[in-house]
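# Descriptive structure summary
Residues per chain, in single letters:
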Amino acid sequence: MEDNAEKVHSLVHLDLKGAPPRLGYFEQLFPILSSFGATGLLVEYEDMFPYHGKVAHIRAPHAYLPDDIIKLHTLATNNNLIVIPLVQTFGHFEFVLKHDENRAIREIERYPNALCPTHPDAFPLVSRIIAQVVELHPNDKFFHIGADEVWHIGKCPRCQNEMEVKKMSSSDLFLAWVFKVAWWMKKEYPNLTIIMWDDMMRNMPLDKLKSSRIGELVEPMVWQYQAKKFDLPADIFNRYSAVFDGIWVASAFKGATGSTQFLPPIQHHINNHLTWISVLSEYKHQFKIYRGIALTGWQRPQVIEQCMSFPGHKIFVGVQMWSNFLCKYQAISNSEGMLGWFSDYLRSRNFTNPVQVENIMNSITEVLENLTELKTHLIPWLMEVYFEDTVEEWIGSFIEPLLEKLRSVIEECKKQILIGGRVRDYKKIEY
């Protein structure tokens, strides 16, 4: 039965990897999230946390300061939002393992994805990171240790030897590491409820989950981002309810539909949430405690989707305009005029028709002028929310390359026009 004494939470995931907002943006954002019904924040700091001492090297140059973390909590409290820090402790550990100082702790030396759970320096490193985060979250009740998508596990000679000696599978090795981290946390911070992503446990048999005693230490957060039919084992909630007292789930509001998605497909995410509502209505009562849902928003693949009154909505407008200009350029590039009258063959022999070339150049010039003007607006819009390096990366990755392509086409048009049109018989090449 569901424990009605436990508040059911609606969390909004703040993924701070790669394109973290300025703290001032949260002053505008948190009241909006609260008004929408959010009850908390799942804050994935990555390298934006003010790490110090032996782990100071993993801190980003523009990382938040300790006072910023305190201010984040104050803003959250003022808007009736709890804060749950999320720190990866196994897979997706690139923000730590990308540094040469930590290279030896990688499971596979050439990949910074996952740490080696049997390396003697792994646990001291992870526990030090966790301790520093908890120190600045003294009153928070939950802590998320990540542990999703640990694809590189049991690969290094040390782990293989450990598995052979102790007759362990890669699943056993995974559970042993998570148990070690969670056991230490429960001992050091008994008031914390520990959360972890569920995917590495989805296909584990019930007896393995029970014998690991992982259910005594953590609560799983089951994530699924498909629109209508979830890719989950049919018995997953039956197994989990026999092991874990509490459960969370996670949907997505952006960033889960592809690494090249610039504007979130709204209907996809609406369907994802509707499917979760249906699934939860059937299975959540199997657990003693249904904790709630986290709306994840994976940062690097997409920009923030906004309604017109939403803080930072100008970014959405700017990216939408950029997308439209890109579509216009692609349409011109695939047009009959471009493929016929301005083909590589005709240009290589200077057989173009100035009349057709001028039409192409006028169309491209219009896109260039619009995009150039957009750039002058988009940079300050981005700077209102993001740090300078993020703005430089976005402009350098998406605006400048398109501007360069447009300028290149215009220069080629001018060249062909100056030649004066040496087509021998226009009728022969009409399409």
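Thresholds, definitions, all that
- Residues numbered from 1 in each chain as written.
- Predicted model: local features only at pLDDT ≥ 70, side-chain atom pairs only at ≥ 80, totals over all residues.
- Heavy atoms only, no water.
- Helix = DSSP H or I, 4+ residues; strand = E, 2+ residues; numbered from the N terminus.
- Buried < 20%, exposed > 50% of the residue type's maximum accessible area, 1.4 Å probe, protein only.
- Contact = heavy atoms within 4.5 Å.
- Pairing = 2+ DSSP bridges.
- Right-handed = clockwise from strand over helix to strand, strands pointing away.
- Phe/Tyr/Trp six-rings, centres within 6.5 Å; stacked < 30°, edge-to-face > 60°.
- Axes fitted to C-alpha atoms, helices over the stretch in contact; angles between N-to-C directions.
- Parallel < 35°, antiparallel > 145°, perpendicular 65-115°, else oblique.
- Left-handed = near helix turned anticlockwise from the far one by under 90°.
- pLDDT = per-residue confidence, 0-100.
- Nonpolar A, V, L, I, M, F, W, Y, C, P; charged D, E, K, R; others polar.
- Patch = residues over 30% accessible without salt bridge, like charges linked within 9 Å, V, L, I, M, F, W, Y side chains within 5 Å.
- Areas by Shrake-Rupley, 256 points an atom, 1.4 Å probe, with all protein chains shown as cover.
- Salt bridge = Lys/Arg side-chain N within 4 Å of Asp/Glu carboxyl O.

## Here's the deal with the environment of methionine 196
- Structurally, the position occupied by methionine 196 is in strand S7 (residues 193-197).
- Note on methionine 196: relative accessible area 0%, which makes it buried.
- Note: C-alpha distance between methionine 196 and glutamate 219 (23 residues apart in sequence) is 6.4 Å.
- Leaving out residues up to four positions away in the same chain, methionine 196 has contacts with His144, Ile145, Gly146, Ala147, Phe174, Val178, Met201, Val218, Glu219, Pro220 and Met221.

## A short note on the environment of tyrosine 283
- Tracing the backbone through its elements, the reader meets tyrosine 283 in helix H9 (residues 266-283).
- According to the relative accessible area criterion, tyrosine 283 is partly exposed, its value standing at 21%.
- In sequence terms tyrosine 283 and isoleucine 236 are 47 residues apart; their C-alpha atoms lie 10.0 Å from each other.

## Examining the pairing of strand S1 (residues 9-15)
- The element S1 is extensively covered by neighbouring structure, given that 6 of its 7 residues are classed as buried.
- Taken together, the 4 bridges between S1 and strand S10 (residues 289-297) define a ladder with parallel strand orientation. Of the residues in S10, the one forming a bridge with histidine 9 is glycine 292.
- In the classification by handedness, the crossover that spans S1, the intervening helix H1 (residues 23-35) and the parallel strand S2 (residues 40-44) is right-handed.

## Considerations on the packing of aromatic side chains
- All told, the structure shown has 19 aromatic pairs when counted by the stated rule.
- Centroid distance phenylalanine 123 to tryptophan 184: 5.9 Å. Interplanar angle 90 degrees. Geometry classified as edge-to-face. Linking phenylalanine 123 in helix H4 (residues 122-135) with tryptophan 184 in helix H6 (residues 170-188), this pair joins segments that are 61 residues apart in sequence. Each of the two residues, phenylalanine 123 as well as tryptophan 184, counts as buried.
- Centroid distance tyrosine 240 to phenylalanine 244: 5.6 Å. Interplanar angle 85 degrees. Geometry classified as edge-to-face.
- According to the relative accessible area criterion, phenylalanine 244 is buried, its value standing at 1%.
- Members of the aromatic cluster, connected to one another through ring pairs, are Phe90, Phe123, Phe174, Trp177, Trp184 and Tyr189.

## Quick word on the packing of helix H13 (residues 354-385) against helix H14 (residues 388-419)
- Axis separation between H13 and H14 bottoms out at 9 Å; the angle between their running directions is 165 degrees. Put simply, H13 runs roughly antiparallel to H14. In terms of crossing hand, the pair formed by H13 and H14 is left-handed.

## A word on the confidence of the model for the protein chain
- Chain-level statistics for the protein chain give a pLDDT mean of 86 and a share of 89% at 70 or above.
- Mean pLDDT values over the elements of the protein chain span from 69, in helix H12 (residues 344-348), up to 98, in strand S6 (residues 142-144).
- In this model residues 1-5 is a low-confidence stretch, pLDDT under 50, and it forms 10 contacts with partners more than four residues away in sequence or in other chains.
- Low confidence marks residues 423-431, where pLDDT is under 50. Its contacts with residues over four positions away, or in another chain, come to 16 contacts.

## Some words on the pairing of S7
- Summarising burial for S7: 5 of the 5 residues are buried, a large majority.
- Because side chains alternate across S7, one face comprises the buried residues Thr193, Ile195 and Trp197, and the other comprises Ile194 and Met196, equally buried.
- On the question of chirality, the crossover connecting S7 to the parallel strand S8 (residues 218-223) by way of helix H7 (residues 206-212) is right-handed.

## Remarks on the packing of H1 against helix H2 (residues 66-78)
- Relative to each other, H1 and H2 sit at 10 degrees, their axes nearing to 10 Å. If you check the angle between H1 and H2, you find them roughly parallel. In this structure, H1 uses Leu23, Phe26, Glu27 and Phe30 to contact H2, whose residues at the interface are Asp68, Lys71, Leu72, Leu75 and Ala76.
- In terms of residue class, the contact of H1 with H2 is built from 6 nonpolar, no polar and 3 charged.

## Brief notes about a nonpolar patch on the surface
- Taken together, the side chains of Ile266, Ile270, Leu274 and Ile277 present a nonpolar region at the surface, about 370 Å² in accessible area.
- By secondary structure assignment, the location of isoleucine 270 is in helix H9.
- For isoleucine 270, a relative accessible area of 38% gives the class partly exposed.

## Quick look at the side chain of serine 333
- Inspection of the secondary structure assignment puts serine 333 in helix H10 (residues 313-333).
- A residue is classified by how much of its surface remains accessible, and serine 333, at 18% relative accessible area, is buried.

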